[in-house]
Amino acid sequence: IVVYFVQRPTACAPERATPEEEEARNDHPFRNRIQDRLVDTLILLVKSEQPDKVVIVSHSQVTVISVEALRGGRLRRKMQAAGIQPFDIDLVTMGSPTSHLYGYYFSREFDLHSKDARNDVENGINSWLNIYRLDDFVGTTVEGPRPDFPINAWVPAKGHTNYWTDDSVLRHLRKHSFPEF
C-alpha cells in the first residue's frame, strides 16, 4: 500500500501512454504500472476467451486498483486500441476501502463523485456491486456518484477475510453478476 501512494513527476510515467491517456493519468507511475498490469492481463484474457461480458471481482486493495483502471473508460479505450470490440464490464468489490479510507484521506485523487469524463467511474463500469461486512474494519460501503451506484450489499459479520468462501457473498454474486448459474 505504501508504494501505491508514492508520487513522482510525470516525466517518470511509462513512454507507451498516448497523449490522451497521459492527460487522464495522474503523476503516480507506480500506480499506473499496477493498473497497466491489470489492464494488460484483462486484454490477454479477452483476446483468448472472447467473452460477451467481463465481471471483475476484487477484494480489499485490489478494489481500488480495479476502480482506478476502469475510471473514465481507461480499460475500454485500451481494449479498443487493441482491436477488441466493446462489451459490458461489471465490477464486484468486497471489503473495499475506496470511500472510507482512500476517499476520506485522499479525496482529491480518489473522488468517486467526479463528473469530469476522465475520472467519472460510471464512464468505465456498467454495473458495480460492493459487498461489505458490518464488522470489516477495512472495507465498508462505497459512496458513489449516486445512491444506486454502486449497489452496496452487506453480509453478516466475519471480518475482512474469506469473502470468497462465504455463502452469503456467493448468493449476492449469483444474484447480481451471474444470474444464469
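Cut-off values and rules
- Once a new chain begins, its residue numbering starts again from 1 and follows that chain's sequence as written.
- Where totals are concerned, whole chains, interfaces and linings use all residues; where local detail is concerned, this predicted model gives features only for residues with pLDDT of at least 70, and gives and counts side-chain atom pairs only at 80 or more.
- Processing note: side-chain calculations cover all non-hydrogen atoms of the structure and skip hydrogens and water entirely.
- For two strands to be treated as a pair, DSSP must find no fewer than two bridges joining them.
- Segments assigned H or I by DSSP are reported as helices when at least four residues long, segments assigned E as strands when at least two residues long, and all are numbered from the N terminus.
- As a rule, the C-alpha atoms of each element are fitted with a line to give its axis, helices using only the stretch in contact, and angles between N-to-C directions run from 0 to 180 degrees.
- We call two residues in contact when some of their heavy atoms are within 4.5 Å.
- Each residue's exposure class comes from its accessible area (1.4 Å probe, protein chains only) as a fraction of the maximum for that residue type: buried when under 20%, exposed when over 50%, partly exposed otherwise.
- When the strands point away from the viewer and the connection leading from the first strand across the helix to the second strand turns clockwise, the crossover is called right-handed.
- Here, a salt bridge means any Lys or Arg side-chain nitrogen found within 4 Å of an Asp or Glu carboxyl oxygen.
- For every residue, the predictor reports its confidence as pLDDT, a number between 0 and 100.
- Only Phe, Tyr and Trp rings take part, Trp by its six-membered ring, and two of them pair if their centres are within 6.5 Å. Stacked means planes under 30 degrees apart, edge-to-face means over 60, and tilted covers everything else.
- Placement of a positive charge over a ring is assigned whenever Lys NZ or Arg CZ falls within 6 Å of the ring centre and within 35 degrees of the normal to the ring plane.
- Residues belong to one nonpolar core when they are buried, are Ala, Val, Leu, Ile, Met, Phe, Trp, Tyr or Cys, and are joined through side-chain atoms within 4.5 Å.

Student: Please clarify how the sheet that holds strand β4 (residues 151-155) should be interpreted in this entry.
Tutor: Note: strands within a sheet are paired through backbone hydrogen bonds, in either parallel or antiparallel orientation. Across the sheet, which stays open at both edges, the 4 strands sit in the order β1-β2-β3-β4 with parallel pairing between neighbours. Looking along the sheet, the strands with just one partner apiece sit at the ends: β1 (53-59) and β4. Averaged over neighbouring strand pairs, the angle between their axes works out to 20 degrees when direction is ignored. Where β1 lies against strand β2 (residues 88-94), 7 bridges are found, and the strand directions are parallel. Pairing of V54 across the sheet is with I89, part of β2. Contacts between helix α7 (residues 167-176) and the sheet are confined to β2, β3 (127-133) and β4, with β3 contributing the most and set at about 170 degrees to the helix.

Student: Can you help me understand the pairing of β2 in this one?
Tutor: Residues in a regular strand project their side chains so that they alternate between the two faces of the sheet. Burial analysis of β2 places 6 of its 7 residues in the buried class, which makes it a mostly covered element. In the sheet, β2 pairs with β3 via 5 bridges, with the strands oriented parallel. Bridge pairing in β3 links T93 to N130. As for the winding sense of the linkage, the β-α-β connection from β2 through helix α6 (residues 98-105) to β3 is right-handed.

Student: Just to check I follow, could you spell out the pattern of salt bridges for this structure?
Tutor: When the charged atoms of two side chains with opposite charge come close together, those side chains can pair. Tallied over the entire structure, the rule returns 9 salt bridges. One salt bridge in this structure joins R71 and E68, with 2.9 Å as the shortest N-O distance. By the burial criterion, R71 is buried, and E68 matches it. A salt bridge links D166 to R133; its shortest N-O distance comes to 3.0 Å. Residue D166 is found in the loop between β4 and α7, and its partner R133 is found in strand β3; the two are separated by 33 residues along the sequence. Salt bridges sharing common partners tie together E122, R146 and D148.

Student: Could you clarify how one ought to interpret the confidence of the model for the protein in this entry?
Tutor: Should pLDDT be low for a region, the predicted coordinates there are not to be read in detail. When the pLDDT values of the protein are averaged, the result is 84; 85% of them are 70 or greater. Predicted confidence is poor over residues 1-15, with pLDDT under 50, and the contacts of this stretch with residues over four places away or in other chains come to 32 contacts.

Student: What's the story with the packing of aromatic side chains in this structure? I'm lost.
Tutor: Aromatic rings considered in pairs are described by the distance between their centres and by the relative angle of their planes. The tally for this structure, following the rule as stated, stands at 5 aromatic pairs. Residues Y104 and Y105 carry aromatic rings whose centres are separated by 4.8 Å and whose planes lie at 90 degrees to one another, so their mutual orientation is edge-to-face. For Y105, a relative accessible area of 57% corresponds to the exposed category. Measuring from ring centre to ring centre gives 6.4 Å for F106 and F110, while their planes differ by 75 degrees; the resulting arrangement is edge-to-face. Note on F106: relative accessible area 33%, which makes it partly exposed. The ring of Y163 carries the charged tip of R133 above its face, separated from the ring centre by 4.1 Å.

Student: Would you take a moment to explain the nonpolar core for this structure?
Tutor: The nonpolar side chains of soluble globular proteins are, as a tendency, buried together. Grouped together as the largest cluster of nonpolar side chains are 21 residues, with contacts concentrated most on I56, L70, L75, M79, F87, L91 and W128. Elements supplying a minimum of two residues to this core: α3 (29-49), β1, α4 (61-70), α5 (74-81) and β2. Counting residues per element, this core draws most heavily on α3, at 4 residues. F87 has contacts with V46, D52, K53, V54, R76 and M79, leaving out every residue within four places of it along the chain. Ranked by size, the runner-up nonpolar core spans 9 residues in total, among them M94, L129, V155 and L173.

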